Structure formats: structure tokens, C-alpha cells
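Descriptive structure summary
This is what each chain is made of:
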Amino acid sequence: MAMGRKRARQEALWVATEELARTGGHAFYERVNEILQEQQFDAFTEEQCLGFYKSEVMGRPSIAPGVYFRMLMVGYFEGLDSERGIAWRCADSLSLRSFLGYGLTQKTPDHSTVSRTRRMLDLETHGRVFSWVLKVLAERGLIDGKTIGVDGTTLEANAALRSIVRRDTGEGYQDFLTRLAKASGIETPTREDLAKLDRERAKKGSNEEWEHPDDPDAKITKMKDGRTHLAHKAEHAVDLQTGAVLAVTLQAANKGDTATIKETLIETAEQMEALLEQPKAAAHIKTNWLAEVVTDKGYHSNGIMTDLLELGIRTYISEPKRGRRKWAGKSPQRDAVYANRRRIRGSRGKSLLRRRGVMLERPFAHCYETGGMRRVYLRGHENILKRLLIHVGGFNLSLVLRQMIGKGTPRGLQDLAALHLNMIFALATLLRVDEAHLSGRRAPVRCLTLPDGKNAIN
């Protein structure tokens with residue numbers, strides 16, 4: 001054989017399943033399946049989806065409801081943004097095949113089957129699966145319910161700004177600028193002429209005038225990084241005691257916080273009432289649930305303060321600087337604003353506002369940054385919310401896993417195992433050094449690298 005030439009290795013004809021390499025993902029997903037099987041997840045999903053599987057028309061083989069919802073949870077655990085990516089990862093991974101209940105010779109569902117199942121199952125069914133996960137958390141004492149934090153974030157839509165059309169005429173943005181240029185006296189406008197005309201226009205990105213033809217729910221808005229995109233607004237209601245997400249709503253990105261919080265609080269109240277109907281879950285929930293609401297200054301308004309005060313809910317909402325205000329004829333609004341101001345200046349109010357920054361931003365980071373849902377690949381609020389409910393349900397399930405094994409994702413469990421192994425090596429090295437010191441000998445000391453890149457021993 002010539003030097004540098006690599007010969008093809010002959011693999012064994014038969015390989016025992018027990019001899020296949022196993023990673024940390026196996027241990028993680030085995031724990032997830034233990035939770036799901038203990039709570040009879042598959043029986044629950046089959047009962048909820050029974051009405052959608054009665055068709056006698058022959059066609060593409062369907063997938064079991066438990067497999068479908070597991071695949072959407074994989075999107076959170078593995079940080080995958082699209083259903084195509086989820087299907088590819090499940091087909092490629094031995095641990096995910098085992099998690100879904102598929103053997104080595106069986107074909108896992110492709111992305112088109114997952115998409116078809118999502119379209120077939122209604123939004124209410126996905127919502128009931130999200131509520132089922134909340135029940136699991138409540139039975140394990142991971143839902144307190146007294147203090148709720150509310151915050152929203154923008155998700156980039158699967159739609160381009162260059163494809164928007166006018167609501168009145170249906171013409172595209174380029175055609176609209178060309179018509180304006182010709183009306184202003186430019187017979188054959190160039191691209192430079194159109195760009196100059198566009199810069200001089202005021203309110204050129206109005207949602208009242210423009211929409212995307214394929215995704216009317218997407219709205220023109222400014223993202224967190226300052227760019228302008230078509231986007232949606234996801235809003236969470238989080239238990240500030242445990243970090244569990246109690247409700248998820250998806251609303252228009254151009255709606256203000258004071259307009260969207262009402263729907264989120266209503267959804268939270270409905271979820272809590274459903275949990276109280278379960279005896280095991282109700283035993284861990286505070287009797288004065290939804291007694292306090294903590295938000296940032298974007299939700300501060302006279303109307304919100306008054307409405308929540310009438311409902312008996314104490315508010316801890318950061319107050320923006322508005323200068324001296326006039327309260328003539330507005331005594332109820334004044335009393336509500338002043339009461340909120342006294343609470344946020346107290347020690348408990350300051351503590352809750354600090355906790356809000358941690359407990360509300362953490363789910364956003366896990367679900368949309370590392371979880372891969374900052375940009376959605378679906379269109380329409382109903383489709384996106386279906387995926388979002390199970391995605392956030394996976395985050396809630398990770399809280400149970402953190403309680404059991406210390407980590408909520410397979411990658412985190414793998415890093416934890418590496419850290420423990422390095423700590424064992426470090427301890428063994430220290431014992432060897434101490435033994436050599438007592439015996440008067442010099443022992444070599446090795447430098448061990450931890451997962452964070454730092455050295456355990458120099």
C-alpha cells in the first residue's frame with residue numbers, strides 16, 4: 001500500500017445492539033421517558049387525539065400522537081428551529097430513535113409527516129398537552145402560583161420585508177415607489193431616484209398600510225437588536241418562585257404591552273383553575289394564587305393599574321419617569337399608581353423586581369436563543385403557537401429534570417459528566433500529591449482542563 005493511502009475498513013456483518021456506542025443523550029432521554037411513562041403521557045395524548053385519527057382514507061402512514069409531541073420537545077432539548085431539522089436529527093441519532101420508540105431498522109417520520117400532523121391537530125389539543133406538563137410540575141411542587149411575572153419578546157417572522165404589499169391596492173413596495181416617482185415628474189426613475197424618494201417619505205413602514213400576502217399576522221416592528229423586520233410577539237407568564245412558564249400567548253408585534261398583558265393574565269388564570277381541579281396538583285398551589293403581578297415599565301398605565309386593583313391583584317410594575325402628573329378627576333387611577341409606587345420602593349418590591357430580571361429573561365434565553373426559536377419557520381399565529389406551546393412545554397419539563405439529575409438538556413448533562421470526571425481525576429491527583437508529600441517523595445502534578453476552559457490543578 002502506498003504511503004498516505006487509506007484503506008477501507010471492513011465492518012462486522014452483525015453487531016449486537018448492546019455493543020453500540022451510547023452517549024450522555026441516552027441517559028437524559030431515558031429519564032425523560034421515565035417521567036412521561038410514569039404519568040401515562042402516551043395514553044393521554046392518544047385520548048386527546050382520538051377524533052383526528054378516525055379517517056378511513058388510505059394514504060401516508062400516520063405517526064402516534066406521543067411520537068409527534070416528543071419530536072416537538074426534541075426541538076427544545078436539541079435547540080432545533082425547524083421541523084425539517086428535527087426530523088433529520090431524529091433519523092440520525094440513536095438516542096433520539098430510542099426516545100421515540102423506533103428500532104435501528106425502522107424509518108422515523110420525515111418533516112412533511114410532522115407538518116401534516118401539526119396541521120391536522122387543532123390548537124386546543126396542543127394547549128391541553130401544555131397543561132398536562134404544568135400538572136406534572138405542580139404535582140412535584142414546582143408551581144407556587146402566588147407571584148406571577150409577565151414579559152414579552154419578539155420573534156422574527158418567516159416573511160421578508162421586500163415582499164410586503166399595500167392593503168388597498170395590493171401592489172408591491174417597488175411598484176408603489178415607481179408610481180410615486182412618476183407622479184412627481186420622473187418619467188423613468190432609477191434605483192437611486194427610488195431610494196432617495198423612499199428616504200424622504202414619512203411613516204413608510206405603517207402596518208395600517210402594508211401587510212405580507214402569505215403571513216398577514218406578521219407585523220413590521222423593530223427587533224431587540226435595532227433592525228426592522230416582520231415579527232410576532234410572544235408573551236410569557238412565569239411563576240417567580242419556581243421559574244415555570246404558566247402561560248404562553250402569541251400576539252401582534254405592533255401591540256403595546258398594556259394591550260397584550262390582559263390576554264396573558266386571562267390565560268394564566270385559566271391554567272391555574274385547571275390545575276386546581278387536580279387534587280394532587282392543587283395540594284402544592286397557594287390558595288392566594290395570582291395575588292401579585294411583577295412586570296417592567298412597559299406595562300405601566302393608569303388603566304392596567306386600576307383594572308388589576310379592582311381584581312384584587314397587587315402590582316409591582318416599574319414606573320417610567322413622566323414628570324409631574326395631574327390627577328384632577330382621576331382619584332381611582334391616582335390611588336392605584338401611588339399604591340404601586342409605594343410597593344416597588346419597599347424592600348419586597350425591590351427584591352421582586354430584581355428576581356423578575358432573572359426569572360423572566362431565563363426562559364427567553366432557553367426557549368428562543370439556545371432553544372432555536374428566535375426566528376420561526378411557520379406562518380400564521382395558530383401554526384406558530386402550536387409549535388410554541390410544546391416548545392415551552394419542553395422547557396417546563398426540563399425543570400423536573402433539573403430537580404432529578406441537575407441538568408435540563410442532554411448537552412448540559414454531558415458537560416456535567418465531564419466535570420465530574422475531571423473532579424475525580426483532580427481528587428486522585430491531590431491524594432497522590434499528599435501521599436508523596438508525607439513519604440518525602442516528589443509526585444508529578446498534571447494540569448486538568450475543566451469544561452469551562454479553566455485549569456483545575458496547576
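Residues numbered from 1 in each chain as written. Predicted model: local features only at pLDDT ≥ 70, side-chain atom pairs only at ≥ 80, totals over all residues. Heavy atoms only, no water.

1. Focus on the overall build of the chain
- Counting its secondary structure elements, the chain contains 17 helices and eight strands.
- In the chain, buried positions account for 45% of the 458 residues.
- The contacts in the chain between residues at least 6 apart in sequence include a share of 69% that link residues at least 24 apart.
- Carbon and sulfur atoms make up 50% of the accessible area of the chain, which amounts to about 25400 Å² in all. (Helix = DSSP H or I, 4+ residues; strand = E, 2+ residues; numbered from the N terminus. Buried < 20%, exposed > 50% of the residue type's maximum accessible area, 1.4 Å probe, protein only. Contact = heavy atoms within 4.5 Å. Areas by Shrake-Rupley, 256 points an atom, 1.4 Å probe, with all protein chains shown as cover.)

2. Considerations on the packing of aromatic side chains
- Taken as a whole, this structure holds 13 aromatic pairs when the rule is applied.
- For the pair Tyr76 and Phe395, a centre-to-centre distance of 6.1 Å together with 85° between the ring planes defines the contact as edge-to-face. On the criterion of sequence distance, the pair formed by Tyr76 in helix H3 (residues 65-78) and Phe395 in helix H16 (residues 381-405) is long-range, its members being 319 residues apart.
- Of the residues examined, Phe395 reaches a relative accessible area of 2% and is grouped as buried.
- Between the aromatic rings of Tyr173 and Trp210, the centroid separation amounts to 4.9 Å while the plane-to-plane angle is 50°, which identifies the pairing as tilted. Of this pair, Tyr173 sits in helix H8 (residues 173-183) while Trp210 sits in strand S3 (residues 210-211); the two residues are 37 residues apart in sequence, bridging distant segments of the chain.
- Judged by relative accessible area, which is 1%, Trp210 ranks as buried.
- Through successive ring pairs, a cluster of aromatic residues spans Phe28, Tyr29, Tyr76, Phe77, Phe99 and Phe395.
- Against the face of Tyr316 rests Arg343, its NZ or CZ located 5.9 Å from the ring centre. (Phe/Tyr/Trp six-rings, centres within 6.5 Å; stacked < 30°, edge-to-face > 60°. Lys NZ or Arg CZ within 6 Å of the ring centre and 35° of its normal.)

3. Regarding the side chain of Thr154
- Mapped onto the fold, Thr154 is located in strand S1 (residues 147-156).
- Residue Thr154 is classed as buried on the basis of its relative accessible area, which comes to 12%.
- Excluding residues that lie within four positions of it along the chain, Thr154 makes contacts with Met223, Lys224, His232 and Arg374.

4. Looking at the packing of helix H2 (residues 41-48) against helix H7 (residues 123-139)
- Viewed as axis vectors pointing N to C, H2 and H7 meet at an angle of 155°, and their least axial separation amounts to 10 Å. With respect to H7, the axis of H2 lies roughly antiparallel. Here H2 and H7 pass one another in a crossing that is right-handed. In this structure, H2 uses Phe41, Phe44, Thr45 and Gln48 to contact H7, whose residues at the interface are Thr125, Arg128, Val129 and Trp132.
- Looking at the contact of H2 with H7, its residues break down into four nonpolar, three polar and one charged. (Axes fitted to C-alpha atoms, helices over the stretch in contact; angles between N-to-C directions. Parallel < 35°, antiparallel > 145°, perpendicular 65-115°, else oblique. Left-handed = near helix turned anticlockwise from the far one by under 90°. Nonpolar A, V, L, I, M, F, W, Y, C, P; charged D, E, K, R; others polar.)

5. As for H2
- Taken as a whole, H2 has its buried residues at Phe41, Phe44 and Thr45. For H2, the buried positions fall inside an angular range of 95° around the axis, keeping them on one side. (Arc of directions from axis to C-beta.)

6. A closer look at the environment of Pro410
- Following the sequence through the fold, Pro410 ends up in helix H17 (residues 410-439).
- Residue Pro410 is classed as buried on the basis of its relative accessible area of 8%.
- Residues Pro410 and Tyr29 lie 381 residues apart in sequence; the distance between their C-alpha atoms is 7.6 Å.

7. Focus on the pattern of salt bridges
- Inspection of every chain in the model, using the stated rule, returns 22 salt bridges.
- For the salt bridge of Arg70 with Asp42, the shortest nitrogen-to-oxygen distance reads 2.8 Å. With Arg70 in helix H3 and Asp42 in helix H2, the pair connects residues that are 28 residues apart, well separated along the chain.
- Looking at Arg70, the relative accessible area reads 4%, which means it is buried. (Salt bridge = Lys/Arg side-chain N within 4 Å of Asp/Glu carboxyl O.)

8. What about the pairing of S1?
- In terms of burial, S1 is a largely internal element, ten of the ten residues being buried.
- Of the two faces of S1, the one lined by Thr147, Gly149, Asp151, Thr153 and Leu155 and the one lined by Ile148, Val150, Gly152, Thr154 and Glu156 are each fully buried.
- Pairing analysis gives three bridges linking S1 to strand S7 (residues 292-295), with the strands arranged parallel. By the bridge assignment, Gly149 is partnered in S7 with Val294.
- In this sheet, strand S5 (residues 228-239) lies alongside S1 in antiparallel orientation, the contact comprising nine bridges. When the sheet's bridge partners are listed, Ile148 is paired in S5 with Asp239. (Pairing = 2+ DSSP bridges.)

9. Thoughts on unusual backbone geometry
- If you check the backbone angles, Gln40 has positive phi at about 55° while not being a glycine.
- Looking at where Gln40 falls in the secondary structure, it is placed in the loop between helix H1 (24-38) and H2.

10. Here we look at helix H6 (residues 111-120)
- Within the span of H6, buried status applies to Thr113, Val114, Ser115, Thr117 and Arg118.
- Next to the buried residues of H6 lie H3, helix H4 (83-92), H7 and H16.

11. Re the packing of H3 against H4
- Two numbers describe how H3 lies on H4: the axes approach to 10 Å, and their chain directions differ by 90°. In terms of orientation, H3 and H4 fall into the roughly perpendicular class. In this structure, H3 contributes Met71, Val74, Gly75 and Glu78 to the contact, and H4 contributes Ile86, Ala87, Arg89 and Cys90.

12. Notes on the nonpolar core
- Judged by nonpolar contacts, the single largest core of 94 residues is most densely connected at Ile143, Tyr368 and Leu388.
- Top element by residues in this core is H16. It accounts for twelve residues.
- By size, the runner-up hydrophobic cluster in this structure holds twelve residues, among which are Ala159, Ile164, Phe176 and Ala218. (Core = buried A, V, L, I, M, F, W, Y, C linked by side-chain atoms within 4.5 Å.)

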